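Residue-level structure breakdown
Here are the chains, one letter per residue:
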Amino acid sequence: FVEITMAVSFEVVFSMGVGVLFTILADKPIKTKHYLLLGLSFGGAIWLFITAVIKVFRLTQLQTKNLSDPLITFMLSVAYGLLLTVIDHRLKNRKSGS
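An account of the accompanying structure is given in this report. Here the structure is a predicted model, which is why all the values come from computation and not from measurement.

1. Focus on the nonpolar core
Residues Val-18, Phe-22, Ala-26, Leu-38, Phe-42, Ile-46 and Leu-84 constitute the largest nonpolar core, which totals seven residues. Secondary-structure elements contributing two or more residues to this core are helix 1 (2–27) and helix 2 (35–56).

Okay, structure coming up:
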């Protein structure tokens, strides 16, 4: 129970950190009206970064064994990026009153 609680806690903290990073990047340096495309590319970049870290540090327990695992994690990362973008866009519209 303790291990699962710690793992979920770390995942939530990591996701929150990535969300804050995205909000900072989407607000100041990267301005675009195609916010969904920004979310897609951000989710894909996060997936690529995590996969590269796993390969570089040779974390064999986290390396994939078949083709479906990286495809599923890529799709989930892209979905996270899209969800993050939609939530961010709606909150910004609500804040500005439009």
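Let's pick the thread back up.
2. Considerations on the packing of helix 2 against helix 3 (residues 68–96)
Running from amino to carboxyl end, helix 2 crosses helix 3 at an angle of 140°, the nearest separation of the two axes being 7 Å. Judged on the interaxial angle alone, helix 3 and helix 2 are oblique. Like other packed secondary-structure pairs, helix 2 and helix 3 cross with a definite hand, here right-handed. In contact with Tyr-35, Leu-36, Leu-38, Gly-39, Leu-40, Phe-42, Gly-43, Gly-44 and Trp-47 of helix 2, helix 3 contributes Pro-70, Thr-73, Phe-74, Ser-77, Val-78, Gly-81, Leu-82, Leu-84, Thr-85, Val-86 and His-89. Of the residues belonging to the contact of helix 2 with helix 3, the class tally is 12 nonpolar, eight polar and no charged.

3. Some remarks on the side chain of Asp-88
As for its position among the elements, Asp-88 is in helix 3. We classify Asp-88 as buried; its relative accessible area is 13%. In this structure Asp-88 touches Phe-22, Thr-23 and Ala-26, once residues within four positions along its chain are discounted.

4. A look at unusual backbone geometry
Here the phi dihedral of Arg-58 falls at roughly 50°; this positive angle occurs in a residue that is not glycine. Mapped onto the elements, Arg-58 comes out in the loop between helix 2 and helix 3.

5. Structural notes on a nonpolar patch on the surface
A surface patch of nonpolar side chains, amounting to about 540 Å² of accessible area, comprises Phe-1, Val-2, Met-6 and Phe-10. Tracing the backbone shows Phe-10 in helix 1. According to the relative accessible area criterion, Phe-10 is exposed, its value standing at 57%.

6. Structural notes on the pattern of salt bridges
Applying the stated rule across the entire model yields one salt bridge. A salt bridge links Asp-88 to Lys-92, with the shortest nitrogen-to-oxygen separation between them at 3.2 Å. Within this pair, Asp-88 and its partner Lys-92 are both found in helix 3, separated by four residues, close to a single helical turn.

7. Digging into the packing of helix 1 against helix 2
A pair of packed helices is characterised by two quantities: the angle between their axes and the separation of those axes. At their nearest, the axes of helix 1 and helix 2 sit 12 Å apart, and the two run at 135° to each other. With respect to helix 2, the element helix 1 is oriented oblique. In the crossing of helix 1 with helix 2, the sense of the turn from one axis to the other is right-handed. Taking contact as the criterion, the partners of Phe-14, Val-18, Phe-22, Leu-25 and Ala-26 in helix 1 are, on helix 2, Leu-38, Phe-42, Ile-46 and Ile-50.

Scoring rules and cut-offs
Residues numbered from 1 in each chain as written. Predicted model: local features only at pLDDT ≥ 70, side-chain atom pairs only at ≥ 80, totals over all residues. Heavy atoms only, no water. Core = buried A, V, L, I, M, F, W, Y, C linked by side-chain atoms within 4.5 Å. Buried < 20%, exposed > 50% of the residue type's maximum accessible area, 1.4 Å probe, protein only. Helix = DSSP H or I, 4+ residues; strand = E, 2+ residues; numbered from the N terminus. Axes fitted to C-alpha atoms, helices over the stretch in contact; angles between N-to-C directions. Parallel < 35°, antiparallel > 145°, perpendicular 65-115°, else oblique. Left-handed = near helix turned anticlockwise from the far one by under 90°. Contact = heavy atoms within 4.5 Å. Nonpolar A, V, L, I, M, F, W, Y, C, P; charged D, E, K, R; others polar. Patch = residues over 30% accessible without salt bridge, like charges linked within 9 Å, V, L, I, M, F, W, Y side chains within 5 Å. Areas by Shrake-Rupley, 256 points an atom, 1.4 Å probe, with all protein chains shown as cover. Salt bridge = Lys/Arg side-chain N within 4 Å of Asp/Glu carboxyl O.

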